[in-house]
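In case you want the letters, here they are:
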Amino acid sequence: VQLQASGGGLVQPGGSLRLSCAASGTIVVIENMAWYRQAPGKQRESVAAVTLGGYTNYADSVKGRFTISRDNAKKTVYLQMNRLIPEDTAVYYCQMAVRTSLSYGTHWGQGTLVTVSS
């Protein structure tokens, strides 16, 4: 199983970005999908998550600004980020709980850098 994240970049404060993360491999089902981020000098933190049934939860710092969604047919999770602030600057990582015919485990994408700066 491999996860490929994309969509990061440089954006001005108040702007928007949409991150995507697609899974590939022999996958039976993807249960939880999530986004984490790690800012320079800080620990990795949870940003948002979505269950197979569509239940979502968010870190307090992004509630009302970020939206997580998933497309099960495409094995993809998205993170729509609006009203970005400099404190959102970080490397964003996707995570998926994946069941294959042989195993069940958590997988991470390679990270995509989001920089919010004027």
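Presented here is an overview of the structure given in this document. (Residues numbered from 1 in each chain as written. Predicted model: local features only at pLDDT ≥ 70, side-chain atom pairs only at ≥ 80, totals over all residues. Heavy atoms only, no water.)

Before going further, it helps to examine the overall build of the protein chain. Broken down by element type, the protein chain carries zero helices and eleven strands. What you see in the protein chain, going N to C, is helices and strands ordered as β-β-β-β-β-β-β-β-β-β-β. Taken over the C-alpha trace, the protein chain has a radius of gyration of 14 Å; the compact-globule value for 118 residues is 13 Å, and the two agree within 12%. The C-alpha extent of the protein chain, read off along each of the three principal axes, is 45 × 25 × 25 Å. Going through the 118 residues of the protein chain one by one, you find that 40% of them count as buried. Long-range contacts, defined here as pairs at least 24 residues apart, represent 54% of the contacts in the protein chain between residues at least 6 apart. Looking at the protein chain, you have 11 positive and 6 negative side-chain charges, and the mean spots of the two groups are 5 Å apart. (Helix = DSSP H or I, 4+ residues; strand = E, 2+ residues; numbered from the N terminus. Rg over C-alpha atoms; globule rule 2.2 N^0.38 Å. Buried < 20%, exposed > 50% of the residue type's maximum accessible area, 1.4 Å probe, protein only. Contact = heavy atoms within 4.5 Å. Lys, Arg positive; Asp, Glu negative; His and termini not counted. Charge placed at Lys NZ, Arg CZ, Asp CG, Glu CD.)

Bringing the sheet that holds strand β7 (residues 66-71) into the picture now. If you walk across this open sheet you meet the four strands as β1-β3-β8-β7, and the pairing is antiparallel. If you trace the sheet from one side to the other, it starts and ends with β1 (2-6) and β7, each paired once. Sheet twist, expressed as the average angle between the axes of neighbouring strands with direction ignored, equals 15 degrees. Both β1 and strand β3 (residues 17-24) contribute to a ladder of five bridges, which runs antiparallel. Bridge pairing links Ala 5 to Cys 21 in β3. (Pairing = 2+ DSSP bridges. Axes fitted to C-alpha atoms, helices over the stretch in contact; angles between N-to-C directions.)

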